[in-house]
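# Observations on chain architecture
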Amino acid sequence: MQKRLLLTPGPTMVPPEVAAAEAQPIIHHRAPEFTPVMKRVQEGLRYLFQTKNPVVILASSGTGAMECALTGVCSPGDKVITVEGGKFGERWGKIAKTFGLNPVNVPIEWGSAITPEKVKQLLDENPDAKAVCITHCETSTGVLTDVKGIAAIVSKSNALLLVDAVSSLGAEELRTDEWGVDMVITGSQKAIMLPPGLAFLSVSERAQKRAAESKCASFYFKLSSYLKNLEKDTTPYTPAVSLIMALDKALEMIRKETVEKIWERHARLSSAIQAGCRAIGLEIFSQSPSHVVTPIRVPEGIDGEKIPKILRDELGVTIAGGQDQLKGKVIRIATLGYATEFDATTGICALEIAMNKLGYKFQVGAGIQAALKELMK
Ligand code: PMP
């Protein structure tokens, strides 16, 4: 018998009450009963995003919202700055290229973050840039970027700031309006505690104006038509009704806990994971680690791909391996979304068992003790 635990940076575990809400009988999306749900969900999303502006809901994964955002506010040939410090930062550049934009790709060493000063320099060198595209938590490296500092610079320029917060919204502090972020993008399968299938993006007033002028080719993901329909609490095409019913429940839970408490919980749990790993001699990979996911360097002489395999197949605990250039070199553990201290301690416990099976030498129990100490602070 195995009890399964998901400690990945998405998809994440879904609370039973959210799963139950998803299982309700379908209501027709054009029927009057659906309007109050859409109104409530919009209010909840604005709270989660910390914005007064509209939050578009798409039936897609997070990448769909990245595409909708960029094509929604740009026209072919527009210069856009894409910051690429990992797999997801690189995605901005790929989307821009696909739609005939003119991306200035800024490579950042994997494991480190771009600074506001560097963004200022880039904008000085490219005053005609129409957008700056960054990643709040680069899930492939675990690195957190200073969105607040960057927004303070970009908001004074003609460029819009597009923030991929697919893995971080609801886990890390992000104050969309107060910080002056134009578009924040996220997906349902991370901190929002839903199954995969919904994506969201908030649209500032500046971005709404640009959406009215955009000439990028798009049909299903045409931002301006989502914004127009949202004024009537609806979507241009059939929404994922069941997921929106589940979202209604998840947002109720989020409001009850409050975003501040949720950010605090993520910080506590990821600090416990980090302390547990360090106590058994493992090194944290990233230079500015997020509370979303902890990337851990695989020690010399250990097969990095075997760690997640043993955890999943023998212990029922799913963590993530490394992606692209980090394949086999890091493992990633997340206590994202619906997670408590018991998930964090179980994760460290399972990691100790797996590392022991692989012949790694350490003091058994040191990790769990350090994690507990961190949680009891
Ligand atoms: N950006 C980030 C930071 C992510 O973590 C992910 C998903 N891991 C994506 C974009 C892409 O999202 P999706 O797989 O939902 O399209």
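Residues numbered from 1 in each chain as written. Predicted model: local features only at pLDDT ≥ 70, side-chain atom pairs only at ≥ 80, totals over all residues. Heavy atoms only, no water.

## Focus on the site of the ligand
- Neighbouring the ligand are 14 residues; Ser61, Thr63, Thr139, Asp164 and Lys190 lie closest to it.
- With respect to the ligand, the backbone of Gly62 contributes an N or O atom lying 2.8 Å from an oxygen atom.
- With respect to the detected pockets, the ligand is housed in the largest pocket.
- Elements with a contribution of two residues or more to the shell around the ligand: helix 3 (62-73) and helix 4 (87-98).
- Considering each element in turn, the shell around the ligand owes the most residues, 3 residues, to helix 3.
- In terms of residue class, the shell around the ligand is made up of 4 nonpolar, 7 polar and 3 charged. (Near = heavy atom within 4 Å. Polar contact = N/O pair within 3.5 Å; in protein donor to acceptor, adjacent residues only side chain to side chain. 1 Å grid on protein atoms, 1.4 Å probe; cavity = no way out; pocket = protein on both sides within 12 Å on 5 of 7 lines; lining within 4 Å. Sits in = over half its atoms within 2 Å of the grid points. Helix = DSSP H or I, 4+ residues; strand = E, 2+ residues; numbered from the N terminus. Nonpolar A, V, L, I, M, F, W, Y, C, P; charged D, E, K, R; others polar.)

## Here's the deal with the layout of surface pockets
- In this structure, the largest pocket encloses a volume near 300 Å³.
- Where the lining of the largest pocket is concerned, the elements lending two or more residues are helix 3, helix 4 and strand 13 (320-321).
- A breakdown of the residues in the lining of the largest pocket according to their chemical character gives 6 nonpolar, 11 polar and 4 charged.
- Quantified by volume, the second largest pocket comes out at close to 200 Å³. (Points joined across faces, edges and corners; volume = space filled by probe spheres on them.)

## Some remarks on helix 9 (residues 223-230)
- For helix 9, every residue scored as buried is listed here: Leu223, Tyr226, Leu227, Asn229 and Leu230. In a view along the axis of helix 9, the buried residues occupy a sector of 165°, so they form one face of it.
- Turning to helix 9, the residues buried within the fold contact helix 2 (34-49), strand 2 (55-58), helix 3, strand 9 (183-187), strand 10 (199-203) and helix 8 (205-213). (Buried < 20%, exposed > 50% of the residue type's maximum accessible area, 1.4 Å probe, protein only. Arc of directions from axis to C-beta. Contact = heavy atoms within 4.5 Å.)

## A few points about the pattern of salt bridges
- Scanning all chains against the criterion turns up 18 salt bridges.
- Asp248 is paired through a salt bridge with Arg40; the nearest N and O atoms lie 2.6 Å apart. You can see Asp248 sitting in helix 10 (residues 241-257) and its partner Arg40 sitting in helix 2, a full 208 residues away along the chain.
- Taking the relative accessible area as the measure of exposure, Asp248 reaches 16% and is therefore buried.
- We classify Arg40 as partly exposed; its relative accessible area is 44%.
- Note that Asp78 is salt-bridged to Lys130, the shortest N-O span being 3.7 Å. Here Lys130 lies in the loop between helix 5 (116-125) and strand 5 (131-135) and Asp78 lies in the loop between helix 3 and strand 3 (79-84), a separation of 52 residues in the sequence.
- What makes Lys130 partly exposed here is its relative accessible area of 32%.
- Connected through salt bridges with shared partners, the residues Glu173, Arg175 and Glu260 form a single ionic network. (Salt bridge = Lys/Arg side-chain N within 4 Å of Asp/Glu carboxyl O.)

## Describing the environment of Phe362
- Position of Phe362 relative to the elements: it lies in the loop between helix 13 (341-357) and helix 14 (366-375).
- Through-space distance from the C-alpha of Phe362 to that of Lys222 is 54 Å; in sequence the pair is 140 residues apart.
- The contact partners of Phe362, leaving out residues within four places of it in the chain, are Ile280, Glu352, Met355 and Asn356.

## Here we look at the pairing of strand 4 (residues 102-107)
- Bridge count between strand 3 and strand 4: 6 bridges; the pairing is parallel. Residue pairing for strand 4: Glu84 is matched across the bridge by Pro107.
- Between strand 3 and its parallel partner strand 4, the chain crosses via helix 4, and the hand of that crossover is right-handed. (Pairing = 2+ DSSP bridges. Right-handed = clockwise from strand over helix to strand, strands pointing away.)

## A look at the nonpolar core
- Counting residues in hydrophobic clusters, the biggest one holds 53 residues, and the most contacted among them are Leu45, Ile57, Leu161, Val181, Phe200 and Leu247.
- Among the elements that take part in this core, helix 10 stands out by supplying 9 residues, more than any other.
- Residue assignment places this core across two domains, with domain 1 (5-10 + 258-375) and domain 2 (16-257) each supplying three or more.
- Discounting residues that sit within four places of it in the chain, Leu45 has contacts with Val55, Ile57, Phe200, Leu247 and Leu251. (Core = buried A, V, L, I, M, F, W, Y, C linked by side-chain atoms within 4.5 Å. Domains from an automatic or database assignment.)

## What to know about the domain arrangement of the chain
- Looking at the assigned domains, one finds that the chain contains domain 1 (5-10 + 258-375) and domain 2 (16-257).
- The gap between the C-alpha centroids of domain 1 and domain 2 is 28 Å.
- Counting residues at the interface gives 28 residues for domain 1, matched by 33 residues for domain 2.
- Summing both sides of the interface, domain 1 and domain 2 together bury roughly 2600 Å²; the carbon and sulfur share of this comes to 58%.
- Joining domain 1 to domain 2, the criterion identifies 11 residue pairs in polar contact (both at pLDDT 80 or more).
- A class-by-class count of the residues in the side of domain 1 that touches domain 2 yields 12 nonpolar, 11 polar and 5 charged. (Buried area = accessible area lost by both parts, 1.4 Å probe.)

## Things to note about unusual backbone geometry
- Residues Gly10 and Pro11 are joined by a peptide bond in cis, for which omega reads -5°.
- Tracing the sequence through the fold places Pro11 in the loop between strand 1 (5-6) and helix 1 (16-22).
- The phi dihedral of Gln50 is positive, around 55°, even though this residue is not glycine.
- One can find Gln50 in the loop between helix 2 and strand 2.
- Given a relative accessible area of 21%, Gln50 falls into the partly exposed group.

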